[in-house]
Amino acid sequence: MSQPEKLSVNQKKYLRGIAHGLNPMIIIGANGVTDSLMAELDSTLSHHEILKIKIASAEREDRKTIIDHVIQETGALLVQSIGKIFVIYRQNEETQLPLPKK
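These numbers come from a predicted model, not from an experiment. Residue positions within a chain follow its written sequence, with the count starting from 1. Thresholds applied to this predicted model are a pLDDT of at least 70 for local features of residues and 80 or more for the giving and counting of side-chain atom pairs; totals over whole chains, interfaces and linings are not thresholded and use all residues. Side-chain calculation: all heavy atoms of the structure are included, whereas hydrogens and water are not.

Points about the packing of helix 2 (residues 35–48) against helix 3 (residues 60–74)
Axis geometry follows a simple rule: fit a line to the C-alpha atoms, using only the stretch in contact for helices, then measure angles between N-to-C directions, giving values from 0 to 180 degrees. The way it works is that DSSP assigns letters per residue, a run of H or I at least four long becomes a helix, a run of E at least two long becomes a strand, and they are numbered from the N terminus. Helix 3 packs onto helix 2 with a crossing angle of 60° between their chain directions and a minimal axis gap of 11 Å. Comparing the axis directions of helix 2 and helix 3 gives the class oblique. As for the relative orientation of helix 2 and helix 3, their crossing is right-handed in sense. Side by side, helix 2 and helix 3 meet where Met38, Leu41, Asp42 and Leu45 of the first sit next to His69, Val70, Glu73 and Thr74 of the second. Basically, the charged four are Asp, Glu, Lys and Arg, the nonpolar ten are Ala, Val, Leu, Ile, Met, Phe, Trp, Tyr, Cys and Pro, and anything else, Gly included, counts as polar. Looking at the contact of helix 2 with helix 3 residue by residue, the classes come out as four nonpolar, two polar and two charged. Working rule for angles: under 35 degrees goes down as roughly parallel, over 145 as roughly antiparallel, 65 to 115 as roughly perpendicular, anything else as oblique. By convention the crossing between two helices is left-handed if the near helix lies anticlockwise of the far one by an angle smaller than a right angle, and right-handed if it lies clockwise. Residue contacts follow a heavy-atom distance rule, with two residues in contact if any of their heavy atoms lie within 4.5 Å.

Next up, the structure:
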C-alpha cells in the first residue's frame, strides 16, 4: 500500500478526527525550518504518520511558505491548516493508520 497522492474529503475528515485529540509534536520557532528540525519532523512523521505542527512566530504568508516547504520536503499530505497549527499525514508501508477507501 503506498501513500495516496491526495486525500479525499472523507479521508481528510477521518484524519482530522484523529488529529483533533493530538497536541502539536513539533513547534517551529523563531529559527524557522532548520535542517535539524526537518530531520526530527521526518523521523516523528515516520513513527506517527500523522503530525500536528505549530508555527510559533510567522506572518500568514510566511506560514503558507513554511507549510509548503514542509510538505515538499517530507512528501506528506496536508490534512488541515488552521491559524498557526497545521496537520500533515504520510502513510508508512506498514501503516498503523489505514485510510478509509474513499
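Moving on from the model shown.
Structural notes on helix 1 (residues 9–20)
By this rule the span expected of a helix is its residue count minus one, scaled by 1.5 Å. The end-to-end C-alpha separation of helix 1 is 16 Å, in line with the 16 Å expected for 12 residues at 1.5 Å each. Three labels apply to residues, based on accessible area from a 1.4 Å probe with only protein chains included: buried if under 20% of the type maximum, exposed if over 50%, partly exposed otherwise in between. Those residues of helix 1 lying buried are Gln11, Leu15 and Ala19. Viewed end-on, helix 1 has its buried residues packed into an arc of 70°, placing them on one side of the element. Residues of helix 1 that are exposed and angled more than 90 degrees away from the buried face: Val9, Gly17 and His20. Looking at the buried residues of helix 1, the elements they touch are strand 2 (50–55), strand 3 (77–82) and strand 4 (85–89). In this context, the arc is that of the directions from the helix axis out to the C-beta atoms.

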